[in-house]
Amino acid sequence: TTTTMARSISLCIFFLFISWIPKLTTSYPLSTKSRWIVDEKGQRVKLACVNWPAHLQPAVAEGLSKQPLDSISKKIVSMGFNCVRLTWPLDLMTNDTLALKVTVKQSFERLNLLDDVLGIQTHNPKILNLPIFNAFQEVVSNLGQNGVMVILDNHLTTPGWCCSDNDLDAFFEYPNFDPAVWAKGLSKMASLFRNVTNVVGMSLRNEPRGTRDYPNLWFKYMPKGGEAVHAANPDVLVILSGIDYDTNLSFLRDRFFNVSFTDKLVFEQHWYSFSDGRDSWEKHNSNDFCAKIIEKVTHNGGFLIGRGFPLFLTEFGANLRSGDVSGNRYMNCLVAWAAENDLDWAVWALTGDYYLRTGQKHMVETFGVLAPNWKDVANSTYLQKLSGIQLPVRGPGLQSKKLLFHPTTGLCVTSNLSNNSPTLRLEQCRKAEPSTFNPSEGILWSNKMCVEAPDAVGQKVKLGVDTKCSKLGQTSATHMHLSFKTTSNGSLLCLDVDERDNSIVANPCKCLTMDASCDPASQWFKVL
C-alpha cells in the first residue's frame, strides 16, 4: 500500500542515518563562547542528548535488568545521541549509607524487585554486589568508553519519582531541600568526577517549582550551588535551571548575577505539550498556537540566546505509543524552533520501562525512545524527526549551511536531478544541498536553480532558470507555509510532501488559521 511504501522509505532513510554516526572525537573540557558550547579548540560542540533516569527508588540507572550496560551505551550511540543527561538523587551524595553501604542487590531486594535482581545477575553481574554509587560510576565509565558525554543532573533529594508542587523538595528552603546540604552534595559529586573527562557538565537542580519558587530565593541560592560545583570541578559546564518546572527564566531579563565561571555558564529550559495546558494543542489551530507558544518560550528563556548565553533544552518529548494529537503537533513546532536556533537538547527519555515508579513495577515509559525490552526502538519515525536536529548547523569552527528543513520528518529539501526535469525532494539534512530563501524576494533557490511552481494540484515542484522563478510567500502565523498563486485561476497552493516518495509537490494550503481539526505539519518548512 501507499502507507506501507512511505513507511519503508522513512525507515530506510533513518537507518542510513544512524549507520553514519562517528565515534565522538570531542576535545575536552567544554566551555562557552557567547551562546555556543565549544571544545578545548574553540570548535562548536552540539549536545544531542537523551535523558537516562537513575533517580528513582532503587537509585540505579534504569534498564540494567533488561540489557547489558555496554549494549545500552552502544544503542544510545546508534540512535544518534552523543550525550546522556544522567539523573541522580541528592541522597546519593549526602547519605553515605545509601551511597556506599547499600549494594545494588540489597537496594532491589528491599523493594521486593526480585525479578530485577535476577535480570541484573544475568546481564550485568559486575554491578550486582557493588555499592550504589560505584554502580553509578560504572554507567558513567561505560558511556565514556563508547564516546558518550555525560551531564550529571541532580533531579531531586530522595530517590523517587518527580515532580509535583507538593513535593517536600520542590524548592529551596522546603523541608527536604536544605540549600547548604544541596550545595555540599553538588560539590562532592563534582569532585568525585573531576578527572572523568566525558562528564562535561552538571545540572544543578531539576524543575524548581512550588508555591514559593520565588526569584529572590533563586538568586540567593542557585549561583551559590554553581560556585560550589565550579570550585570542586572547574572543568565542567555549570547548568542552571529556572522556576515553574524550569519553564521560566524570564526573571533574568531585568536582573542578573555575578559568578566566577562565566565561560562555563549554561541555562536550561523545559518544554512539554502539557506546559501549554492539557490538550491545548488539539484545541487550537497549530499555526496560530505554535506562533503564540514560541513567543512565550522565547520570552521565558529563548531571549538568553540573544544575550550571548547557551540555552540547553534539557527536557521535552511526547507519547510515542498512542495517537497523541497534542503531542505530535507540539513536537513539530518544537523541532522547528530547536532547528531554527540550533539548540543543544536532551529528549525525555531513554527509558523503555522503570524498575519501580510510583508503586508500579515495570511501568512502561510512554515517552521512552526504547521499547520495554531496552533493545528495540519504540518509534523509528520519532527518531528520524530528532535526527534533523542532532547535527550542528552553525557555530564556531563550522561553515554555516543554509537549509530548508521539514520538521515533521526531520529531513531537508534538496534538488532531484535524476530525470530530465529537475524537481525537489526530502533528504537527510547532512546530505541535502543548500537552499536559500529571501522572504522579501520570495525566490527559493536550490542547486543554483529556482523553484517553478506548478499550475495544478498534486504536481511536483520543478527547478528552472531565473527567468521562470515563482514568487513564494510565507503564509500563516508560523511563516512555515511557502505559498504561491497559480497562473491559471489564482488559487493559493502550498509546498507539500508526497509521502509515497518524499517529493515536494503543490497542494491546497491547509489549516492556515483558526481551524483546529486538521494538522498542517506536512506543509511546514523552516528556513534555516
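None of these values were measured; they are calculated from a predicted model.

Colleague: So, unusual backbone geometry: which residues are in play, and what are the values?
Modeller: Backbone torsion omega between cysteine 162 and cysteine 163 reads 25 degrees, so that peptide bond is classified as cis. On the secondary structure map, cysteine 163 appears in the loop between β5 (149-156) and α9 (179-192). Note the cis peptide between tryptophan 348 and alanine 349, where omega equals 5 degrees. Topologically, alanine 349 is positioned in the loop between β10 (344-347) and β11 (356-357).

Colleague: Tell me about the packing of aromatic side chains, and name the residues and values.
Modeller: Aromatic rings considered in pairs are described by the distance between their centres and by the relative angle of their planes. Evaluated as defined, the whole model comprises 29 aromatic pairs. Aromatic pair tryptophan 218 and phenylalanine 219: ring centres 5.4 Å apart, planes at 80 degrees, arrangement edge-to-face. A ring pair is formed by tryptophan 218 and phenylalanine 251, whose centres lie 5.0 Å apart and whose planes are at 65 degrees; its orientation type is edge-to-face. Here tryptophan 218, found in helix α10 (residues 215-232), pairs with phenylalanine 251, found in the loop between β7 (237-241) and β8 (265-270); they are 33 residues apart in sequence, far enough to count as distant. We classify tryptophan 218 as buried; its relative accessible area is 0%. Accessibility expressed as a relative area gives 13% for phenylalanine 251, which makes it buried.

Colleague: Describe the nonpolar core, with residues and values.
Modeller: In terms of nonpolar packing, the biggest core is built from 124 residues, with Trp52, Phe136, Leu152, Trp218, Phe267 and Trp271 touching the most fellow members. Here this core takes nine residues from helix α13 (residues 325-341), the largest share from any one element. In this structure tryptophan 218 touches Phe171, Phe172, Pro223, Leu240, Ser241, Gly242, Ile243, Phe251, Leu252, Phe257 and Phe267, once residues within four positions along its chain are discounted. Counting 20 residues, the second largest nonpolar core, distinct from the first, contains Phe437, Met449, Val451 and Leu472.

Colleague: Account for the pattern of salt bridges, naming residues and giving values.
Modeller: Scanning the model with the defined rule gives 20 salt bridges in all. As a salt-bridge pair, arginine 500 and aspartate 498 come within 2.7 Å of each other at their nearest N and O atoms. In this structure arginine 500 comes out as partly exposed when scored by relative accessible area, which is 45%. Taking the relative accessible area as the measure of exposure, aspartate 498 reaches 14% and is therefore buried. Connected via shared salt-bridge partners are Arg44, Lys46, Asp342 and Asp344.

Colleague: Can you tell me about the side chain of asparagine 341, naming the residues and giving the values?
Modeller: In this fold, asparagine 341 is placed in helix α13. Leaving out residues up to four positions away in the same chain, asparagine 341 has contacts with Arg35, Ile305 and Arg394.

Colleague: I'd like a rundown of the UniProt feature "domain: Glycoside hydrolase family" (unreviewed entry) in the protein, residues and numbers included.
Modeller: Under the UniProt annotation, the feature "domain: Glycoside hydrolase family" (unreviewed entry) is placed at residues 65-351. Along residues 65-351 one finds 45% helix and 14% strand; the C-alpha atoms at either end are 12 Å apart.

Cut-off values and rules
Residues numbered from 1 in each chain as written. Predicted model: local features only at pLDDT ≥ 70, side-chain atom pairs only at ≥ 80, totals over all residues. Heavy atoms only, no water. Helix = DSSP H or I, 4+ residues; strand = E, 2+ residues; numbered from the N terminus. Phe/Tyr/Trp six-rings, centres within 6.5 Å; stacked < 30°, edge-to-face > 60°. Buried < 20%, exposed > 50% of the residue type's maximum accessible area, 1.4 Å probe, protein only. Core = buried A, V, L, I, M, F, W, Y, C linked by side-chain atoms within 4.5 Å. Contact = heavy atoms within 4.5 Å. Salt bridge = Lys/Arg side-chain N within 4 Å of Asp/Glu carboxyl O. UniProt positions renumbered as here; feature names shortened; annotations may be inferred.

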